[in-house]
Amino acid sequence: GAVVSQHPSRVICKSGTSVKIECRSLDFQATTMFWYRQFPKQSLMLMATSNEGSKATYEQGVEKDKFLINHASLTLSTLTVTSAHPEDSSFYICSARVGTKGSDTQYFGPGTRLTVL
Amino acid sequence: AQSVTQLGSHVSVSEGALVLLRCNYSSSVPPYLFWYVQYPNQGLQLLLKYTSAATLVKGINGFEAEFKKSETSFHLTKPSAHMSDAAEYFCAVSVNSGYSTLTFGKGTMLLVSP
């Protein structure tokens, strides 16, 4: 099946620093990847849609200058949390789309636990 | 716009008992429906999906779900629970015919006791 990896799995950083999270599709090419955020005991909230070779599409309320997304290749998307603050602490999960329109599926990475001190 | 309601944030069953996790959806267009499972500190794994073919969908690990349009429901069931089924389960909906943009329910934690 389609495998998606994320790195790092866990990161702790100081307030004000930036953190980069990588999402890779290991055995397939993904023109579209998604970034979600999950607070404790809550559901996944879509942050943005990452499109290879073009700008990401952000959901309402998500600051694009704070959450920088780059999708430079068909197998890699990165999320950079800039000037992180404690309220940015969360579980960040990416997914990659497989399949054609109307019959596609999202495969999810294992997530990255971000803790901002 | 679509939405998903999962009834019950926690469901407890005994090992060997029937598992029933409820999901109701709202969609102005024909939906695609999904069930995902999440183990602690891990990402989501697709259990099964409904894409307008058979209304009874069989997934992995013995789970199945039935799409009932009249009830706008897509409940997840498994005849006999195993300890390894203890996890968080998410129902999700997307728009039929387009690329999927998933809207998730709040999740249901399944607890399995010996």
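So, here is what we can say about the structure in this document. (Residues numbered from 1 in each chain as written. Chains lettered and ligands numbered in written order. Predicted model: local features only at pLDDT ≥ 70, side-chain atom pairs only at ≥ 80, totals over all residues. Heavy atoms only, no water.)

### Observations regarding the overall build of chain A
Rules: Put simply, DSSP marks the helices as runs of H or I at least four residues long and the strands as runs of E at least two long, and each gets a number from the N terminus on. This radius of gyration counts C-alpha atoms alone. The globule rule is 2.2 Å times how many residues there are, raised to the power 0.38. The buried label applies to any residue whose accessible area, calculated with a 1.4 Å probe on protein chains only, is under 20% of its type's maximum; exposed applies above 50%, and partly exposed to all values in between.
Along its length, chain A carries zero helices and 11 strands. Overall, chain A shows an N-to-C arrangement of helices and strands of β-β-β-β-β-β-β-β-β-β-β. Against the 2.2 N^0.38 benchmark of 13 Å for 117 residues, chain A shows a C-alpha radius of gyration of 14 Å, consistent with a compact globule. Across the 117 residues in chain A, those meeting the buried criterion constitute 49%.

### Quick look at the packing of aromatic side chains
One pair of aromatic rings is described through two measures. These are the centre distance and the angle between the planes. As a reminder of what qualifies: Stacked, tilted and edge-to-face are the three classes assigned to paired rings of Phe, Tyr and Trp, where Trp is represented by its six-membered ring and a pair needs centres within 6.5 Å; plane angles under 30 degrees give stacked, over 60 edge-to-face, the rest tilted.
Going through the model one piece at a time under the given rule, you end up with 12 aromatic pairs over all chains. Where Tyr 36 of chain B meets Phe 104 of chain B, the ring centres are 5.9 Å apart and the plane angle is 55°; that geometry is what we call tilted. With Tyr 36 of chain B in strand E5 (residues 31-38) and Phe 104 of chain B in strand E11 (residues 103-104), the pair connects residues that are 68 residues apart, well separated along the chain. Across this residue pair, the class does not change: Tyr 36 of chain B and Phe 104 of chain B are buried. Taken together, Tyr 36 and Phe 108 of chain A together with Phe 34, Tyr 36, Phe 90 and Phe 104 of chain B form an aromatic cluster joined through their ring pairs.

### Examining the sheet that holds strand E1 (residues 4-7) of chain A
Residues and elements named next belong to chain A. Definition in use: Two strands qualify as a pair provided DSSP detects at least 2 bridges between them. Axis definition: a line fitted to C-alpha atoms, over the contacting stretch in the case of helices. Angles run 0 to 180 degrees between N-to-C directions.
Spatially, E1-E3-E8-E7 is the arrangement adopted by the four strands of the open sheet, whose pairing is antiparallel. Looking at strand neighbours, the two that pair on one side only are E1 and strand E7 (67-73), the edges of this open sheet. Each strand axis lies, on average, 15° off the axis of its neighbour in the sheet, ignoring direction. The pairing of E1 with strand E3 (residues 19-25) spans four bridges and is antiparallel. By the bridge assignment, Val 4 is partnered in E3 with Ser 25.

### Brief notes about the nonpolar core
What counts here: By nonpolar core we mean a set of buried residues, namely Ala, Val, Leu, Ile, Met, Phe, Trp, Tyr and Cys, connected to one another through side-chain atoms within 4.5 Å. When checking whether two residues touch, look at their non-hydrogen atoms; a contact exists if any pair is within 4.5 Å.
The biggest cluster of nonpolar side chains holds 26 residues, and the ones touching the most others in it are Trp 35, Leu 48, Phe 74, Leu 76 and Tyr 89 of chain B. If near-sequence neighbours (up to four positions away) are discounted, Tyr 89 of chain B is found in contact with Gln 6, Leu 21, Trp 35, Tyr 36, Val 37, Leu 47, Phe 63, Leu 76, Gly 107, Thr 108 and Leu 110 of chain B. By size, the runner-up hydrophobic cluster in this structure holds 23 residues, among which are Ala 30, Met 47, Ala 56 and Cys 94 of chain A.

### Remarks on the layout of surface pockets
We count it as follows: Only protein atoms enter the 1 Å grid used here, on which a cavity is any set of points holding a 1.4 Å probe that cannot leave and a pocket is any open set flanked by protein within 12 Å on both sides along at least five of seven lines; residues with an atom within 4 Å of a point are listed as lining. Grid points are joined across faces, edges and corners, and a volume is the space filled by probe spheres set on the points. Residues are grouped as follows: nonpolar covers Ala, Val, Leu, Ile, Met, Phe, Trp, Tyr, Cys and Pro; charged covers Asp, Glu, Lys and Arg; every other residue, Gly included, is treated as polar.
Reported here for the largest pocket is a volume of approximately 450 Å³. Lining the largest pocket are 20 residues, and of these Gln 38 and Lys 41 of chain A together with Gln 38, Glu 88 and Met 109 of chain B lie nearest its centre. Counting residues per element, the lining of the largest pocket draws most heavily on strand E10 (residues 87-95) of chain B, at three residues. Grouping the amino acids of the lining of the largest pocket by side-chain chemistry returns nine nonpolar, seven polar and four charged. The calculated volume of the second largest pocket comes to roughly 230 Å³. In this structure, the second largest pocket is lined by Leu 44, Met 45, Leu 46 and Glu 59 of chain A together with Gln 2, Thr 101, Leu 102, Thr 103 and Phe 104 of chain B. Among the elements that make up the lining of the second largest pocket, the one with the highest residue count is strand E5 (residues 44-51) of chain A (three residues). Split by residue class, the lining of the second largest pocket holds five nonpolar, three polar and one charged.

### Comments concerning the interface of chain A and chain B
We apply this condition: The buried area of a pairing is the accessible area, by a 1.4 Å probe, that goes missing from both parts when the two are put together, added over both. Side-chain atoms alone can form a polar contact between residues adjacent in sequence; in general such a contact is a pair of N or O atoms within 3.5 Å, and within protein one must be able to donate a hydrogen while the other accepts it.
At the junction of the two partners, chain A supplies 24 residues and chain B supplies 19 residues. Buried area between chain A and chain B, both sides added, is near 1,700 Å², and the carbon and sulfur share of it is 52%. Summed over the shared surface of chain A and chain B, the result is five residue pairs in polar contact (both at pLDDT 80 or more). Among the secondary structure elements, those contributing two or more residues to the side of chain A that touches chain B are strand E4 (32-38), E5, strand E9 (90-98) and strand E10 (105-108) of chain A. Of the residues contributing to the side of chain A that touches chain B, the split by class is eight nonpolar, 11 polar and five charged.

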